[in-house]
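# Residue-level structural notes
One letter stands for each residue in the lines below.
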Amino acid sequence: MHQHDIDYARIAAAINFIKDHLQDQPSLDEIATAVELSPFHFQKLFTEWAGVSPKKFMQYLTLEYAKSLLRNADATLLDTAHATGLSGTSRLHDLFISLEGMTPGEFKNGGTGLQINYHFAESPFGQLIVASTHKGICHLFFVTDKQQAIDNLIARFPKASFKNTTDKLQQDALSFFQKDWHQPDKIKLHLSGTPFQLKVWESLLKVPMGALVTYGTIAKNIDKPSATRAVGTAIGSNPIAFLIPCHRVIQNTGRLGGYMWGETRKSAIIGWEAAQKNS
């Protein structure tokens, strides 16, 4: 296991402990003990990862904080749609990620004729597998088992040909996990999905970093206000972790709800993005 993965495993364990004891507002010493580190080393590790202290991070995991963001969700999406300039990191996804659907032939025939490059990489939220066609990123998943990750990729495109190699499309996509977003390269996504799925995923790109919205808000945003359940299904099948920010969609109660890569990772990403936005 790489040091990056070891560090994230400790961060995830700390976030689990914080969530389980949120009402008690656990002390630094208590959290450090739970992850078997000294308070000094834990504080250093966590602050380097999040950009804020564990105590500050706790506030981003509360139900009250989530509800406060949801109250502004509709206005935030409207402002984002009509904004003309880049304000901090708010329009990152909307401005720098473009989405193209695969042709009906590519989509229906299991990737026939596609050459797909794939590569394993590190991120602040654990290991990733990233895959690309000649047009863009087609698959970006968090990984717990490498062979299973490869098998999942092949299952999505059973008739494509695969090569374990990295390319510029992948490097551009992975650069989004860094904190220097001043002049990112345009990231292209090349996705297999129904027109409805593509519409939902495109709508997710308009949710600003550090914001949270409900499934109902996304449904209204694509002019399908009664299709909340279908929207939830489309969000749950999102093939591009983080870059298509399905982690920013939560239940209308303020609770996080499901996430393909686990609720702890969803909490980690939401808290990390809040720390970047508010620091």
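Predicted model only: the values in this text are computed from it and were never measured. (Residues numbered from 1 in each chain as written. Predicted model: local features only at pLDDT ≥ 70, side-chain atom pairs only at ≥ 80, totals over all residues. Heavy atoms only, no water.)

### What to know about the overall build of the protein chain
- A tally of regular secondary structure across the protein chain gives 14 helices and eight strands.
- Classification of the 279 residues of the protein chain by burial places 51% in the buried group.
- Of the contacts formed within the protein chain by residues at least 6 apart in sequence, a portion of 67% connects residues at least 24 apart. (Helix = DSSP H or I, 4+ residues; strand = E, 2+ residues; numbered from the N terminus. Buried < 20%, exposed > 50% of the residue type's maximum accessible area, 1.4 Å probe, protein only. Contact = heavy atoms within 4.5 Å.)

### As for the side chain of Ser-203
- Checked against the element boundaries, Ser-203 lands in helix α11 (residues 195–204).
- With relative accessibility at 5%, the residue Ser-203 sits in the buried group.
- In this structure Ser-203 touches Ile-218, Asn-221 and Ile-222, once residues within four positions along its chain are discounted.

### Examining helix α1 (residues 3–20)
- For α1, spanning 18 residues, the distance from its first C-alpha to its last is 26 Å, which sits close to the expected 26 Å at 1.5 Å a residue.
- Inspection of α1 places Asp-5, Tyr-8, Ile-11, Ala-12, Ala-14, Ile-15, Phe-17 and Ile-18 among the buried residues, and these make up the whole buried set.
- Elements that come into contact with the buried residues of α1 comprise α2 (28–34), α3 (39–50), α4 (54–59) and α14 (263–278). (Expected span 1.5 Å × (residues − 1).)

### Here's the deal with the packing of α1 against α3
- Taken N-terminus to C-terminus, the directions of α1 and α3 make an angle of 100°; their axes are 11 Å apart at the nearest point. Judged by the angle between their axes, α1 and α3 are roughly perpendicular. When α1 is examined against α3, the residues Asp-7, Tyr-8, Arg-10, Ile-11, Ala-14 and Ile-15 are found in contact with a partner set consisting of Phe-42, Leu-45, Phe-46 and Trp-49.
- Partitioning the contact of α1 with α3 into residue classes produces eight nonpolar, no polar and two charged. (Axes fitted to C-alpha atoms, helices over the stretch in contact; angles between N-to-C directions. Parallel < 35°, antiparallel > 145°, perpendicular 65-115°, else oblique. Nonpolar A, V, L, I, M, F, W, Y, C, P; charged D, E, K, R; others polar.)

### Side note on the packing of aromatic side chains
- Under the criterion given, the structure shown has 15 aromatic pairs.
- Judged by centre distance (5.2 Å) and plane angle (85°), the rings of Phe-125 and Trp-272 are edge-to-face. Highlighted residues: Phe-125 in the loop between β2 (115–121) and β3 (128–132) and Trp-272 in helix α14, separated in sequence by 147 residues.
- Note on Phe-125: relative accessible area 0%, which makes it buried.
- Overall, Trp-272 belongs to the buried group, its relative accessible area being 1%.
- A cation over a ring is seen here: Lys-146 above Phe-120, with NZ or CZ 4.9 Å from the ring centre. (Phe/Tyr/Trp six-rings, centres within 6.5 Å; stacked < 30°, edge-to-face > 60°. Lys NZ or Arg CZ within 6 Å of the ring centre and 35° of its normal.)

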